[in-house]
Amino acid sequence: LEKYDLVVANTLITIPFVLMMHDTNVPTLWWIHEGRSFFEKYKKVLSGIKGLSSNIRILSVSPSVKSLVKEYLDIDSNLIPFAVPEVTITDEQRKEAADMWNSLSSQSSLRLILVGPLSFMKGQDIFADAVNELPEDMADKLSIIFCCGSNQYNEEVVKKVNALSEQFHVKIFDSLPHEQMIALISTADFLVVNSRQEPMPTVAAEAWMAGTPAILTDACGIGYYADKEMAKLIYN
């Protein structure tokens, strides 16, 4: 490692490499973008780090991570978000997405989309509980699409999401090509991110870029970049 001009340690779990670079002359960037559960998992190791040598610099992906770095390491880090590539949505892709929504219900006045594995961390159970509180006359007015994209699921969350299908127009995709998912987001009324921990949800940035507003929990670090109007869609 000392033969390189620069070392980039990506994610919190690369701690061993960061410690290996301690007191070397090689500039080292440690880019962290995990939530509190990861910091807790590595708490014992982190507590043993009493400052870093001058060649090591910590970069935090969002203000929420920056605050965790300060809390667990007592180090002020620099804020460096990631880049989100622009995706061009063709007219054909947009039409296919609109047809998918219409296949759920052509009468729905509100289309909501959620992206991510059905898990406790992603919090789709919070969403399901909230939707179940809606008046009965909302049943035909609401269409919901879940893009799971992973087999990392929680049985209780899956149960609650599946139960929504009994009353609302719901479609659940285990996986989708990225372009198709973005097209569905662009034709939705809102993207919903109910995460209990989410330092920097990429999908929220993609929704904004596609012109779709996002309803976010205040645990989503990307809320820092919301303007005054967008911030009204952030809740705790």
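Structure first, text after, so check above.
As a starting point, this report considers the structure included with it. In this text, all values refer to a predicted model and were calculated from it rather than measured experimentally.

### Examining the overall build of the protein
Thought 1: Assigned secondary structure in the protein consists of ten helices and ten strands.
Thought 2: Seen through its principal axes, the protein has C-alpha atoms that stretch 65 × 35 × 35 Å.
Thought 3: Burial statistics for the protein: of 236 residues in total, 43% are counted as buried.
Thought 4: Put simply, of all contacts in the protein between residues at least 6 apart along the chain, 64% involve residues at least 24 apart.

### What to know about helix α8 (residues 178-186)
An α-helix turns once every 3.6 residues. As a result, residues three or four positions apart point the same way.
Thought 1: Residues of α8 that are buried: Met181, Ile182, Ala183, Leu184, Ile185 and Ser186.
Thought 2: Where α8 is buried, its residues touch α5 (91-104), β5 (110-115), β6 (142-147), β7 (169-173) and α9 (202-209).

### Concerning the nonpolar core
Note on soluble globular proteins: their nonpolar side chains tend to be buried together.
Thought 1: Core analysis: the largest hydrophobic core is formed by 46 residues, its most contacted members being Trp30, Phe39, Leu46 and Ile113.
Thought 2: Apart from the residues lying within four places of it in its own chain, the contact partners of Trp30 are Ala9, Thr11, Leu12, Thr14, Ile15, Val18, Leu46, Leu52, Arg57, Ile58, Leu59 and Leu73.
Thought 3: Of all hydrophobic cores here, the second largest spans 17 residues; its members include Phe127, Ile144, Val170 and Val192.

### Regarding the pairing of strand β1 (residues 7-10)
Thought 1: In β1, alternate side chains face the same way, and those of Val7 and Ala9 are buried while those of Val8 and Asn10 on the opposite face are not.
Thought 2: The pairing of β1 with strand β2 (residues 28-32) spans four bridges and is classified as parallel. Bridge pairing links Ala9 to Trp30 in β2.
Thought 3: Following the chain from β1 across helix α1 (residues 15-20) to the adjacent parallel β2, one finds a crossover that is right-handed.

### Overview of the state of the cysteines
As used here, a disulfide is simply a covalent bond connecting the sulfur atoms of two cysteines.
Thought 1: Tallying each qualifying case throughout the model produces zero disulfides.
Thought 2: Cys147 provides the cysteine sulfur closest to Cys148, a residue in no disulfide bond, and the two sulfurs are 7.6 Å apart.
Thought 3: There is no disulfide at Cys220, and the cysteine sulfur nearest it, in Cys147, is 17 Å away.
Thought 4: Since its relative accessible area comes to 5%, Cys220 is described here as buried.

Rules used in this analysis
- Residues numbered from 1 in each chain as written.
- Predicted model: local features only at pLDDT ≥ 70, side-chain atom pairs only at ≥ 80, totals over all residues.
- Heavy atoms only, no water.
- Helix = DSSP H or I, 4+ residues; strand = E, 2+ residues; numbered from the N terminus.
- Buried < 20%, exposed > 50% of the residue type's maximum accessible area, 1.4 Å probe, protein only.
- Contact = heavy atoms within 4.5 Å.
- Core = buried A, V, L, I, M, F, W, Y, C linked by side-chain atoms within 4.5 Å.
- Pairing = 2+ DSSP bridges.
- Right-handed = clockwise from strand over helix to strand, strands pointing away.
- Disulfide = S-S within 2.5 Å.

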